[in-house]
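Inside the fold
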Amino acid sequence: MTKNPVYASPKDLISNIKNTMDREKIGKIPVLDDAGKLIGVITKTDLKKAMPSEATTLDIYELSYLLSKMTVEKVMKKNPITIQKDATIEEAAKLMAEKGISSVIVMDGEVLSGILTKTDLFKAVVDMFGFKYEGVRASVEVSDGAGELAKISRAIADVNGKIVSAITADGSDVSKRILTLKIIGVEKAKVEDTLKNLNATIKDLR
């Protein structure tokens, strides 16, 4: 997550908030009251909705005056969606997908702790897949029984390989799992031979 995020006061002018969003390249700002309690959130979408349409009957001076006086509390959404900082990445991703949101406010109890965005989740996935390592990426389908990953790990270790990432997914039926492994320290051909000797179905190897 992004720690110590930019936040707004309900009395802040939306013109200033728009400038802050543009300058910081962010799309969501938590709103805290004078006691530091989270009371709302304001997004770029909220700002756009607050702007008068082209069909407004206001002249340019009236429009400028209106925008110069409009505050965050008039535009913000109350009771924003939050998650605790000790939640898992899986829980955060599920929440964001279910709610259809691109970011979520992270709390430490009742205290604002940070903001987690889809970009942050993407970076976490990159780390989980071990993309920063040069090595062999293998996707195999195995039985959904106990000890399958341990069996593969031992076999890879026996040829001086090291698994730096392991991700699982549903297989072709309920009795199977897909394992996607990032393996370093051993050549692709040796990985292929090792997996074949284990009777694992190789889905992808590169």
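Residues numbered from 1 in each chain as written. Predicted model: local features only at pLDDT ≥ 70, side-chain atom pairs only at ≥ 80, totals over all residues. Heavy atoms only, no water.

Remarks on the sheet that holds strand β3 (residues 38–43)
The condition that has to hold: The pairing criterion for strands is at least two bridges between them, as found by DSSP. Here a helix means four or more residues in a row that DSSP labels H or I, a strand means two or more in a row labelled E, and each is numbered from the N terminus.
The strand order β2-β3-β4 describes an open sheet built from 3 strands, whose pairing is antiparallel. In the strand order of this sheet, the two ends are held by β2 (28–32) and β4 (77–78), each with one partner. Pairing analysis gives 2 bridges linking β3 to β4, with the strands arranged antiparallel. When the bridges of β4 are listed, Gly 40 appears paired with Lys 78.

Observations regarding helix α5 (residues 118–128)
Just so we agree on the cut-off: For every residue, the accessible area obtained with a 1.4 Å probe (protein chains only) is divided by the maximum for its type, and the residue is called buried under 20%, exposed over 50%, and partly exposed between those limits. Read the arc as the range of directions from the helix axis to the C-beta atoms. Here, residues are in contact when the closest pair of their heavy atoms is within 4.5 Å.
Listed as buried for α5 are Asp 120, Leu 121 and Ala 124. The arc enclosing the buried residues of α5, seen along the axis, measures out at 100°, which places them on a common side. Opposite the buried face of α5, by more than 90 degrees, sit the exposed residues Lys 118, Phe 122 and Lys 123. Buried residues along α5 sit in contact with β1 (2–3), α4 (89–99) and β7 (111–117). Positive phi appears at Gly 130, one or two residues downstream of α5, with a value of about 70°.

Comments concerning the side chain of Ser 103
Relative to the assigned elements, Ser 103 resides in strand β6 (residues 103–108). With near-sequence residues (within four places) excluded, Ser 103 lies in contact with Lys 28, Met 96, Ile 115, Leu 116 and Thr 117.

Comments concerning the pattern of salt bridges
To keep it simple, the criterion reads: Salt bridge, as used here, is a side-chain nitrogen of Lys or Arg placed within 4 Å of a carboxyl oxygen of Asp or Glu.
Here the structure, examined in full by the defined rule, presents 13 salt bridges. A salt bridge links Lys 77 to Asp 46; the nearest nitrogen and oxygen atoms lie 2.4 Å apart. Of the two residues, Lys 77 sits in strand β4 while Asp 46 sits in helix α2 (residues 44–50), which places them 31 residues apart along the sequence. We classify Asp 46 as buried; its relative accessible area is 5%. Where salt bridges share partners, they join Arg 137, Asp 204 and Arg 206 into one cluster.

A few points about the sheet that holds strand β5 (residues 82–84)
Threshold: With axes taken as lines fitted to C-alpha atoms, and helix axes fitted only over the stretch in contact, angles between N-to-C directions fall between 0 and 180 degrees.
Spatial strand order, β1-β7-β6-β5: 4 strands in an open sheet with mixed pairing. Single-partner strands in this sheet number two, and they are β1 and β5. Where α4 meets the sheet, its contacts fall on β5, β6 and β7, and the angle it forms with β5 comes to roughly 170°. Against the sheet, α5 touches β1 and β7, its axis set at about 70° to β7.

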